[in-house]
Amino acid sequence: MSGHGDPIPMTARKGGPLSGVAEVPGDKSISHRALLFGAMAVGETRITGLLEGQDVLDTAKAMRAFGAEVSHLGHGEWVVNGVGVGGFAEPQDVIDCGNSGTGVRLIMGCMATSPISATFTGDASLRGRPMGRVTDPLALFGARSYGRQGGRLPMTIVGAENPVPVRYVVPVPSAQVKSAVLLAGLNAPGQTVVIEKEATRDHTERMLAGFGAEITTHDSPEGRVITLTGQPELKPQTIAVPRDPSSAAFPVCAALIVPGSDVLVPGIGLNPTRAGLFTTLQEMGAELTFENLREEGGEPVADLRARFSDNMQGIEVPPERAPSMIDEYPILSVVAAFANGKTVMRGVKELRVKESDRIDAMARGLEACGATIEEDEDTFIVRGMGAGGLPGGATAQARLDHRIAMSFLCAGMASQQPISVDDAGPIATSFPIFEPLMESLGAHLARTKS
Ligand code: S3P
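Residues numbered from 1 in each chain as written. Predicted model: local features only at pLDDT ≥ 70, side-chain atom pairs only at ≥ 80, totals over all residues. Heavy atoms only, no water.

(A) Broad picture of the pairing of strand β15 (residues 262-269). In terms of burial, β15 is largely enclosed, as six of its eight residues are buried. The pairing of β15 with strand β17 (residues 299-307) spans six bridges and is classified as antiparallel. Note that in β17 the partner of V263 across the bridge is A306. (Buried < 20%, exposed > 50% of the residue type's maximum accessible area, 1.4 Å probe, protein only. Helix = DSSP H or I, 4+ residues; strand = E, 2+ residues; numbered from the N terminus. Pairing = 2+ DSSP bridges.)

Next up, the structure:
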């Protein structure tokens, strides 16, 4: 079932090389945060390059429901007039975050230390995902939550009237949990301390500092310690959102597996907490080069060039790299199917609680395409079949998961027989221009009948 209207079945088949410039959309993580932090600043935040995918549009709508003024000026250009830390109004209706775990979890953090209530829901995928990982620490601030069995949406959060600051060791490597705690800490007096054993994406820390919050990070034997001083006045910012490395991963990986390809992806964010895929691909022998390295808006950025790589080798991906490439395992598993030898991905159990169980979704789909897979709860192993070696000729289930849909469509651009997905609709959550962009590079994609 699709949560996004009628399913859009789509088929990818082998064609000529992929070549040209792939201008992928803005970073999804940074886009959500730009809207949220703008809504909590006093005055006018201007954003360019915002991802206009459904996930981010749902967050924009939610910020309006909490009282911020959010205006769309033109392509990627937005203005947010914020209400200040602690200034959220109580929404008059249910907040529907669609497919977005980041949206719902970060917004829960933003409102949990204000004396208001809000009820959250989402599509079938989001309603199946665990929220306890966020509501447990929010309870320490004094917020209460009332959800379905297993801490699922729909869920009402009753914000704390007299929030207290919190010291919290994040039990799973999750930037969403870390961020929700920090955002709740914004409206608590005193210092909120978050400790993460493994470093996850740090856009929240970087951007909060940019908005004028007092926030420090240091490494300790316990892990990375982030200390935030509560109740700051956030100052509005001008934010240029870099292009999303997680979206760039699709044209980049497609170029690596389609013979003769040469694709340039300009201006992509290369924050080290996000760049694990590119290190992994280079270790496999991918022809990837970084050009024009620079800094834009507090984030490292580069132009990335990917060329067909006919002799990639399977490798062991170190488990400690997982947080820096957590969204990229689906497309890595596709590249692995076109490499020589086994690619072993360990420490990946968080993939099971994403928009879908991504290990199961990729394993079943790749098997249907003729690959050999091994898996356990925390491990995913793909036996490579070499360049051009994946048979294909199957339909994969996207399971309301944009990255699963895009991964199988990229696989179909290089497999012997076409590969279909039952529903490409969810791609609009993060990469609404995927279809025309890949076609402009030379990919053969067709909307098919179900
Ligand atoms: C995100 C964090 C990651 C990632 C998601 C975006 C964020 O989730 O998978 O796509 O913007 O903070 P977790 O923090 O749950 O691992």
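(B) Quick look at the packing of helix α1 (residues 28-40) against helix α2 (residues 54-65). Following both chains from N to C, one finds α1 and α2 inclined at 5 degrees, their axes separated by 9 Å at the closest point. By the angle class used here, α1 and α2 are roughly parallel. Contacts from K28, S31, H32, L35, L36 and A39 of α1 reach α2 at D55, V56, T59, A60 and M63. Class assignment of the residues belonging to the contact of α1 with α2 gives a composition of six nonpolar, three polar and two charged. (Axes fitted to C-alpha atoms, helices over the stretch in contact; angles between N-to-C directions. Parallel < 35°, antiparallel > 145°, perpendicular 65-115°, else oblique. Contact = heavy atoms within 4.5 Å. Nonpolar A, V, L, I, M, F, W, Y, C, P; charged D, E, K, R; others polar.)

(C) Up close: the site of the ligand. Near the ligand you find S29, R33, T102, P173, S174, A175, Q176, R201, I326, D327 and K354, and these make up its full shell. Separating an oxygen atom of the ligand from a side-chain N or O atom of S29 is a distance of 2.7 Å. Within the side chain of S174, one N or O atom sits 3.0 Å away from an oxygen atom of the ligand. Here the ligand loses 95% of its free accessible area of 380 Å² to cover by the protein chains. Cavity membership is defined here by more than half of the atoms lying within 2 Å of grid points; on that basis the ligand lies in the largest cavity. Where the shell around the ligand is concerned, the elements lending two or more residues are α1 and α6 (175-185). (Near = heavy atom within 4 Å. Polar contact = N/O pair within 3.5 Å; in protein donor to acceptor, adjacent residues only side chain to side chain. Areas by Shrake-Rupley, 256 points an atom, 1.4 Å probe, with all protein chains shown as cover. 1 Å grid on protein atoms, 1.4 Å probe; cavity = no way out; pocket = protein on both sides within 12 Å on 5 of 7 lines; lining within 4 Å. Sits in = over half its atoms within 2 Å of the grid points.)

(D) Fine view of the sheet that holds strand β14 (residues 238-240). One open sheet accounts for four strands, arranged β4-β5-β3-β14; its pairing is mixed. The open sheet has two edge strands, β4 (69-74) and β14, and neither has a second partner. Within this sheet the neighbouring strands show an average axis-to-axis angle of 20 degrees, counted without direction. With three bridges joining them, strand β3 (residues 42-48) and β14 adopt parallel strand pairing. Each residue of the ladder has a partner; that of I47, found in β14, is I239.

(E) Fine view of the environment of F66. The topology assignment puts F66 in the loop between α2 and β4. Taking relative accessible area as the criterion, F66 reaches 0% and is therefore assigned buried. Sequence-wise, F66 and G341 are 275 residues apart; in three dimensions their C-alpha atoms are separated by 52 Å. Here F66 is in contact with F88, A89, P91, I95, I107, M111, I116, A118 and F120, once residues within four sequence places are set aside.

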